[in-house]
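# Remarks on the overall topology
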Amino acid sequence: MTQNGWFQIGLYLFVIFVVTKPIGVFMTRVFNREKTLLDAVLRPIEKLVYRLTGVNEKHEMRWTEYAVAMLLFSGVSMTVLYLIERMQKWLPFNPQKFPNVEPALAFGTAASFTTNTNWQVYSGESTMSYLTQMAGLAYHNFVSAAGGIVLAIAVIRGIARKETDKLGNFWVDTTRCLLWVLLPVCLVGSLILVSEGVVQNLKPYTTVDLIQPYTAQVTGTDGKTTTQTITQQVIAQGPVASQEVIKEFGTNGGGFFNANSAHPFENPTPLSNFFEMVLIFAIPSGLTYTLGRMTGSQRHGWAIWAAMAFLFFASVTTAYWAEARGNPLLAGTDQRASALHSGGNMEGKEVRFGIANSALFATVTTDASCGAVNGMHDSFTPLGGMVPLINIMLGEVVFGGVGAGLYGIFVFVVLAVFIAGLMVGRTPEYLGKKIEVYDVKMAMLAVLILTCTILIFSAISVVKPYGTAGITNPGPHGLSQVLYAYVSSTGNNGSAFGGINANTMWYNTTTAAAQLLGRFFMIIPVLAIAGSLAKKKIVPESAGTFPVTGGLFAGLLVSTILIVGALTFFPALSLGPILEHLLMNAGKAF
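Okay, so let's go over this structure. (Residues numbered from 1 in each chain as written. Predicted model: local features only at pLDDT ≥ 70, side-chain atom pairs only at ≥ 80, totals over all residues. Heavy atoms only, no water.)

Take helix 12 (residues 382-393) next. Compared with an ideal rise of 1.5 Å per residue, which puts 12 residues at 16 Å, helix 12 spans 16 Å between its outermost C-alpha atoms and is within 8% of the ideal. Among the 12 residues in helix 12, 11 count as buried, and that is most of the element. Buried within helix 12 we find Pro382, Leu383, Gly384, Gly385, Met386, Val387, Pro388, Leu389, Asn391, Ile392 and Met393. Following helix 12 by one or two positions, Gly395 has its phi on the positive side, about 95°. (Helix = DSSP H or I, 4+ residues; strand = E, 2+ residues; numbered from the N terminus. Expected span 1.5 Å × (residues − 1). Buried < 20%, exposed > 50% of the residue type's maximum accessible area, 1.4 Å probe, protein only.)

Attention shifts here to helix 8 (residues 241-249). The buried fraction of helix 8 amounts to eight of the nine residues, a majority that puts the element mostly inside the structure. When we look at burial in helix 8, the residues that qualify are Ala241, Gln243, Glu244, Val245, Ile246, Lys247, Glu248 and Phe249. Looking at the buried positions of helix 8, the neighbouring elements they touch are helix 6 (130-160), helix 7 (170-196), helix 9 (270-295) and helix 11 (354-367). (Contact = heavy atoms within 4.5 Å.)

Below, the discussion takes up the packing of helix 2 (residues 39-53) against helix 7. Each pair of packed helices gets described by two things: the angle between the helix axes and the distance between those axes. The geometry of helix 2 relative to helix 7 is characterised by a closest axis approach of 10 Å and an angle of 140° between their N-to-C directions. Between helix 2 and helix 7 lies a crossing of right-handed hand. Along the contact surface, helix 2 presents Asp39, Leu42, Arg43, Ile45, Glu46, Val49 and Tyr50, while helix 7 presents Trp171, Val172, Thr175, Arg176, Leu179 and Trp180. Across the contact of helix 2 with helix 7, the residue classes break down as eight nonpolar, one polar and four charged. (Axes fitted to C-alpha atoms, helices over the stretch in contact; angles between N-to-C directions. Left-handed = near helix turned anticlockwise from the far one by under 90°. Nonpolar A, V, L, I, M, F, W, Y, C, P; charged D, E, K, R; others polar.)

Moving on, we come to the pattern of salt bridges. Between side chains of opposite charge, a pair can form as their charged atoms come close. Within this structure, the stated rule accounts for 16 salt bridges. The shortest N-O distance in the salt bridge between Arg33 and Glu46 comes to 3.9 Å. Separated by 13 residues along the polypeptide, Arg33 in the loop between helix 1 (3-31) and helix 2 and Glu46 in helix 2 bring together distant segments of the chain. Relative accessible area serves as the criterion here: at 0%, Glu46 is assigned to the buried category. One salt bridge in this structure joins Asp173 and Arg157, with 2.8 Å as the shortest N-O distance. (Salt bridge = Lys/Arg side-chain N within 4 Å of Asp/Glu carboxyl O.)

Taken as a whole, this structure holds 26 aromatic pairs when the rule is applied. Between Tyr66 and Phe170 the ring centres are 5.7 Å apart and the planes differ by 85°, which places this aromatic pair in the edge-to-face class. One end of the pair, Tyr66, is in helix 3 (residues 63-87); the other, Phe170, is in helix 7, with 104 residues separating them in the sequence. Taking NZ or CZ as reference, Arg176 lies 4.2 Å from the ring centre of Trp180, over its face. Lys349 extends its terminal NZ or CZ atom over the ring of Phe380, reaching a point 4.2 Å from the ring centre. (Phe/Tyr/Trp six-rings, centres within 6.5 Å; stacked < 30°, edge-to-face > 60°. Lys NZ or Arg CZ within 6 Å of the ring centre and 35° of its normal.)

What follows is the structure, encoded as structure tokens:
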């Protein structure tokens, strides 16, 4: 670990702190229908959209109607994406003449991008046409992100409002989110990325002659292996920048290239790397301020921000330490940081980013439900790789995905307030509203959906041949590969321990099921809690009211997240990365 590395980590957290208030204020104004600088341009477009779609912008929905609208919109969008993938061979903007995507992979990809997961078991540059990338995948990057944001806004309204059953209008919220929040930032952000060297064009791939030809073993269609001399290379390109910016800003994570943000055409410089990381946390962090502003308790919003920031700093410190100390099995190898190299465990990492930025990116992308990577998590040390695992297991509530992080931590807030109420022997209260049996049941249902989906699918996969066939590393690391696949899918993260072969019928279908369960079956109980809170009266504070605005509450919230989230998965972690770490220190590798 170096001073420069710590400086970059500290600078990143400082920038996130600085952008939190302006972004939070702006989103508050957008969703409260207050005047903004963009109204003169965007308000006529908004009205035109409502006129063409028949949306009554003054109509407000109950939580059930809001949920149904979200499910119908997601279902139709998923179907359209599936059809685009299955027909891309006959559609335009396919200069590489890619064939149609096979059914299982098309279904898995459609479910993945609809749920904001972006789990990719294919190489984008050799599978998806430009049209599929733009009209299919990038479109979903926008609407799935908007869906998460507006659901968080609906939850905030449920907390803020009293004696009503209305949470807003899904169609209006989504339209305003796309027009005011996502599109303007992505337009400017894509130009910034292009200025850094990110590719943006519709040209066919370029074939170039190699300066130094090399030989390789090539397996033909008949199964025979021959030695060939490779003299040319195909350089993939395309509309990358426009997809890259929403990939990060919408915490989607699916890259245009298989190497994702480790590819120089997606993330060419340290500046582009820093900018992309800021984009990932920008909205999730801003929503904590929006929560405080819309509920009239700004200190509560900052308390939640502080709890998130503490967990983030703890996880990035662990990942940085684990990767910087290197691999003890490489005895005799100089793994110390110096002016000439980054030191530590550089396997699977880009030299232009080094240890600190690789550990930081891995932490950021798994604290949020982004899943973009600038290094391969499969090549991290056991404890370094455990950090992304735990981040997702906690429910990705450490800032989290756009919207998903806020309504995810809201579940833990309900549980924390409930626990506080039990401690003092009185009915728990949250911002003036009583937390009752129904609310706690819905919160626990959301938690159980996450944990049961992960553990059940993982258990089946490590004992059945169709699951173990995908494992590329035996022993505890193989368990980590399988566990990460379902943790990432259920948590709608999308990153992976890249060593697992997940492009099979079993993994395509089960990870898709995990993604749908993790997204929609968690949203429904959360919206139910919001609907319940909206109907309640405000109860005046008393001497026995547990404050949700200070360090005590932030500490209780952190403890609740760790107890409920981390300890649930401790047995699986002890058989995976923890055991692998102990064996590595004992001199054994797999």
